[in-house]
Amino acid sequence: LAQTLGVEFSRIQFTPDLLPGDLIGTLIYNQQTGDFTPHKGPVFANIVLADEINRSPAKVQSALLEAMQEKQVTIGTDSYALGEPFLVLATQNPIEQEGTYPLPEAQLDRFMRKVIVEYPTIDEEHEIMKRMSVNTPKMNVNSVMSGADILRMRESLDEIHANEAIEKYILRIVDATRNPAAYGLDELTPLINHGVSPRASIFLMKGARAHALLEGRDYVTPQDVKWIAMDVLRHRVSITYKAEAEGKDVEYILKRVLSTVET
């Protein structure tokens, strides 16, 4: 992906012994000058892959949180701005629990989308097997865009029209996760521990605008909102023990919300 976009990429393998300095960098003492000079870490890239992010302790997670929220990092007493565009992709290991640290809700909320990666289909895995079972797989990738192109596309999102009815539709979806009984979803009340945050409505609008742009339209429809809704909301809703006991997960709750809230 980074090669096709012509931007810089870095990958960080998160482990329980990782330190914030391994992520953001540190100050190195120069014996000749007697000064401390900053050595920037792997977070100084355009696309950063945080592999198995739930294996890192809280200090490392908080260091990454500053980078994601403020688009800067602090090394010593100085702050350094990150380049644009800047994107953090993170993976979580959903199976093993030993040596893992669940991400706090404040950091989960920084991620725009949570995408569930299922097993590949037979045809997809066949293609993976053919590509990767040779000693030297051919992975010729051409750059088709640049970082400047991405920034221009991002600015053009402001020109995608979203009618006030779309805004109200997004707000109703968000509110239904907090007050389900107000939308005739009384059965969801004992299943939801807390609803989504205000970032959900912001990201729903941004994601809907982006989908409209990619579809070649200069206006947003309710279908654009529904297309992005599950990915934006699934990691922001907390369910109760009652929901888990009844086998009703976040996906079930969100499907009920999306099918019930008036379009």
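Note: the structure precedes this text.
In short, a report on the structure. What you are looking at is a predicted structure, and each value in this text was computed from that prediction instead of being measured. (Residues numbered from 1 in each chain as written. Predicted model: local features only at pLDDT ≥ 70, side-chain atom pairs only at ≥ 80, totals over all residues. Heavy atoms only, no water.)

1. Quick notes on the overall build of the protein chain
From N to C terminus, the protein chain includes eleven helices and nine strands. Put simply, the protein chain has 263 residues, and 37% of those count as buried. Surface summary for the protein chain: the accessible area is close to 16000 Å², and the carbon and sulfur share equals 53%. Distance between charge centres in the protein chain, computed from 27 positive and 37 negative side chains, equals 2 Å. (Helix = DSSP H or I, 4+ residues; strand = E, 2+ residues; numbered from the N terminus. Buried < 20%, exposed > 50% of the residue type's maximum accessible area, 1.4 Å probe, protein only. Areas by Shrake-Rupley, 256 points an atom, 1.4 Å probe, with all protein chains shown as cover. Lys, Arg positive; Asp, Glu negative; His and termini not counted. Charge placed at Lys NZ, Arg CZ, Asp CG, Glu CD.)

2. Here we look at unusual backbone geometry
Put simply, Glu-84 and Pro-85 share a cis peptide bond, and its omega is -5°. Mapped onto the elements of the fold, Pro-85 is located in the loop between strand E6 (78-81) and strand E7 (87-90). Even without glycine at this site, Glu-52 takes up a positive phi of about 55°. With respect to the helices, strands and loops of the structure, Glu-52 is situated in the loop between strand E4 (47-51) and helix H3 (58-70). Phi at Lys-71 is positive, roughly 55°, even though this residue is not glycine.

3. Regarding the nonpolar core
By size, the foremost hydrophobic cluster in this structure holds 35 residues, and its most contacted members are Ile-173, Leu-204, Val-220, Val-225 and Leu-233. Broken down by secondary-structure element, the contributors of at least two residues to this core are helix H7 (164-178), helix H8 (198-214), helix H9 (222-233) and helix H11 (250-260). Leave out the neighbours within four places in its chain, and Val-225 touches Ile-166, Tyr-169, Ile-170, Ile-173, Leu-204, Ala-208 and Val-220. (Core = buried A, V, L, I, M, F, W, Y, C linked by side-chain atoms within 4.5 Å. Contact = heavy atoms within 4.5 Å.)

4. A few points about the sheet that holds strand E1 (residues 9-13)
Sheet strands pair by backbone hydrogen bonding; their relative direction is either parallel or antiparallel. The three strands are arranged E1-E4-E7 in an open sheet whose pairing can be described as parallel. Each having just a single partner strand, E1 and E7 make up the two edges of the open sheet. On average, each strand axis in the sheet is tilted by 20° relative to the strand beside it, whichever way the strands run. As paired strands, E4 and E7 are joined by four bridges and run parallel to one another. (Pairing = 2+ DSSP bridges. Axes fitted to C-alpha atoms, helices over the stretch in contact; angles between N-to-C directions.)

5. Here we look at H9
Across its twelve residues, H9 extends 16 Å between first and last C-alpha, which sits within 8% of the 16 Å expected from 1.5 Å per residue. Those residues of H9 lying buried are Asp-224, Val-225, Ile-228, Ala-229, Met-230, Asp-231, Val-232 and Leu-233. Looking at the buried residues of H9, the elements they touch are H7, H8 and H11. (Expected span 1.5 Å × (residues − 1).)

6. What about the environment of Gly-83?
With respect to the secondary-structure elements, Gly-83 resides in the loop between E6 and E7. On a C-alpha basis, the gap between Gly-83 and Asn-93 in space is 28 Å, while along the polypeptide they are ten residues apart.

7. Digging into the pairing of E4
The buried count for E4 comes to five of five residues, which makes it a mostly enclosed element. Alternating residues of E4 divide into Ile-47, Leu-49 and Asp-51 and Val-48 and Ala-50, and every residue in both groups is buried. Relative to E4, E1 is paired through five bridges, and the arrangement is parallel. Within the sheet, the bridge partner assigned to Arg-11 lies in E4 and is Leu-49.

8. Description of the packing of aromatic side chains
Overall, the coordinates contain one aromatic pair when judged by the stated rule. Here Tyr-29 and Phe-36 contribute two aromatic rings whose centre-to-centre distance is 5.1 Å and whose plane-to-plane angle is 55°, an arrangement assigned as tilted. Residue classification places Tyr-29 among the partly exposed residues on the basis of a relative accessible area of 45%. Using a relative accessible area of 54% as the deciding quantity, one classes Phe-36 as exposed. When the ring centre of Tyr-219 is taken as reference, the NZ or CZ atom of Arg-217 above it lies at 5.5 Å. (Phe/Tyr/Trp six-rings, centres within 6.5 Å; stacked < 30°, edge-to-face > 60°. Lys NZ or Arg CZ within 6 Å of the ring centre and 35° of its normal.)

9. A closer look at a nonpolar patch on the surface
Taken together, the side chains of Leu-1, Leu-87 and Leu-89 make up a nonpolar region of the molecular surface, amounting to roughly 280 Å² of accessible area. Examined against the element boundaries, Leu-87 turns out to sit in strand E7. (Patch = residues over 30% accessible without salt bridge, like charges linked within 9 Å, V, L, I, M, F, W, Y side chains within 5 Å. Salt bridge = Lys/Arg side-chain N within 4 Å of Asp/Glu carboxyl O.)

10. Let's talk about the pattern of salt bridges
Under the definition given, this model contains 16 salt bridges. The shortest N-O distance in the salt bridge between Lys-242 and Glu-246 comes to 2.8 Å. Classification of Lys-242 by relative accessible area gives partly exposed; the value is 43%. Taken together, the shared-partner salt bridges connect Arg-113, Asp-231, Arg-234 and Glu-251 into one network.

11. Observations regarding the pairing of E6
Bridge count for strand E5 (residues 72-75) against E6 is four bridges, and the pairing is antiparallel. Note that in E6 the partner of Gln-72 across the bridge is Ala-81. The loop that links E5 with its antiparallel partner E6 comprises two residues; one of these, Gly-76, has a positive phi angle of about 70°.

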